[in-house]
Amino acid sequence: MNLSVIGAAGGVGRRVAAQAARAGHTVRALVRSAEQADMVSLLGATPVRGDLAGEWDAVLDGADAVVWAAGAGASGNFQAIDGDALVRVVDTLLTRGPRRLIVVSSMGVDRPEQMPPFLSAVLRVKARSDAHVQASALDWTVVRPAGLNDAPGTGLVHIAPTTPRGTIARDDVAAVVLACVADPRTVGQTFEVVQGTQAISDALAGLTG
């Protein structure tokens, strides 16, 4: 499969790119700098220079599916990246394809008032862009992970529309994303994922079965 990763220099995105390349997929990765290009090349992906604020859509050339793993992070520019840029990506895919889109969002998007105050602003922005994804005619999946960490992945998760708060390894989020790419039953699904006790395939089957 030809996979395009937007946000490939981030913690989840680079793991998606690396795992996809190891699995034999052809990966094109959007990067902003030569340093990022070198990094994703080492992961087995083909870097495509661009910027979500300008020209970026060459990364879509030849793609069968797109993974959105971008986020403003410490820059705090939530509206531009987590909001406006994702909306532009959706609208571009509707025009030129591909139709398959997997979005890495965040736990608590549907209940920002219950989450830590420092997350409220970005969660409200993500709520609006997630809604744009969900209202589109794309074949979308929205993955909302719990608090992220860099521990080695276990391959064991808990997946449900709403889960208890907790944490999850970025490795495992990437593995869930790639499982969704290959599983048409996840089209039109929005779910949270946290570390758990089920294998990813079993957890997804329980959600979609």
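For the chain, the name recorded in an unreviewed UniProt entry is NAD-dependent dehydratase, with Deinococcus metalli as its organism.

Peer 1: Which parts of the structure should I look at to understand the nonpolar core?
Peer 2: Nonpolar side chains in soluble globular proteins tend to be buried together. Within the largest apolar cluster, 41 residues are counted, with the highest numbers of intra-cluster contacts made by L3, V16, V157, I159, V176 and F191. Excluding residues within four positions of it along the chain, V157 makes contact with I168, D172, V176, V193, V194, Q195, G196, T197, Q198, I200 and A203. V90, L93, V103 and L138 belong to the second largest nonpolar core, which has 21 residues in total.

Peer 1: What is the right way to read the packing of helix α3 (residues 78-96) against helix α4 (residues 117-135) from this model?
Peer 2: It is at 9 Å that the axes of α3 and α4 come closest, and there the two elements cross at 5 degrees. Between α3 and α4, the angle falls in the class roughly parallel. Residues F78, Q79, D82, G83, L86, V87, V90 and D91 of α3 form the contact with α4, whose participating residues are A121, V122, V125, K126, R128, S129, D130, H132 and V133. Residues of the contact of α3 with α4, tallied by class, amount to eight nonpolar, four polar and five charged.

Peer 1: Sorry if this is basic, but what is going on with the pairing of strand β3 (residues 46-49) here?
Peer 2: Side chains on a regular strand alternate between the two faces of the sheet. As judged from the four bridges shared by strand β2 (residues 26-31) and β3, these two strands associate in the parallel manner. In the sheet register, L30 faces β3, and the bridge partner there is V48. For the segment spanning β2, helix α2 (residues 34-42) and β3, crossover handedness is right-handed.

Peer 1: Even after reading the chapter, I still don't get the pattern of salt bridges, so can you show me in this structure?
Peer 2: Two side chains carrying opposite charge are able to pair once their charged atoms lie near each other. Scanning the model with the defined rule gives eleven salt bridges in all. Linking R144 and D130 is a salt bridge whose minimum nitrogen-to-oxygen distance equals 3.0 Å. One end of the pair, R144, is in strand β6 (residues 139-145); the other, D130, is in helix α4, with 14 residues separating them in the sequence. Several salt bridges share partner residues, and in doing so they unite R15, D150, R170 and D171 into one network.

Peer 1: Looking at this structure, I do not really get the sheet that holds strand β8 (residues 156-160). What am I missing?
Peer 2: Pairing within the open sheet is mixed, and its nine strands lie in the order β3-β2-β1-β4-β5-β6-β10-β8-β11. Strands with a single pairing partner mark the edges of an open sheet, and in this sheet they are β3 and β11 (198-199). Each of β1 (2-6), β4 (65-68) and β5 (100-104) is contacted by α3, which is oriented at about 175 degrees to β4, the strand it contacts most.

Analysis parameters
- Residues numbered from 1 in each chain as written.
- Predicted model: local features only at pLDDT ≥ 70, side-chain atom pairs only at ≥ 80, totals over all residues.
- Heavy atoms only, no water.
- Core = buried A, V, L, I, M, F, W, Y, C linked by side-chain atoms within 4.5 Å.
- Buried < 20%, exposed > 50% of the residue type's maximum accessible area, 1.4 Å probe, protein only.
- Contact = heavy atoms within 4.5 Å.
- Axes fitted to C-alpha atoms, helices over the stretch in contact; angles between N-to-C directions.
- Helix = DSSP H or I, 4+ residues; strand = E, 2+ residues; numbered from the N terminus.
- Parallel < 35°, antiparallel > 145°, perpendicular 65-115°, else oblique.
- Nonpolar A, V, L, I, M, F, W, Y, C, P; charged D, E, K, R; others polar.
- Pairing = 2+ DSSP bridges.
- Right-handed = clockwise from strand over helix to strand, strands pointing away.
- Salt bridge = Lys/Arg side-chain N within 4 Å of Asp/Glu carboxyl O.

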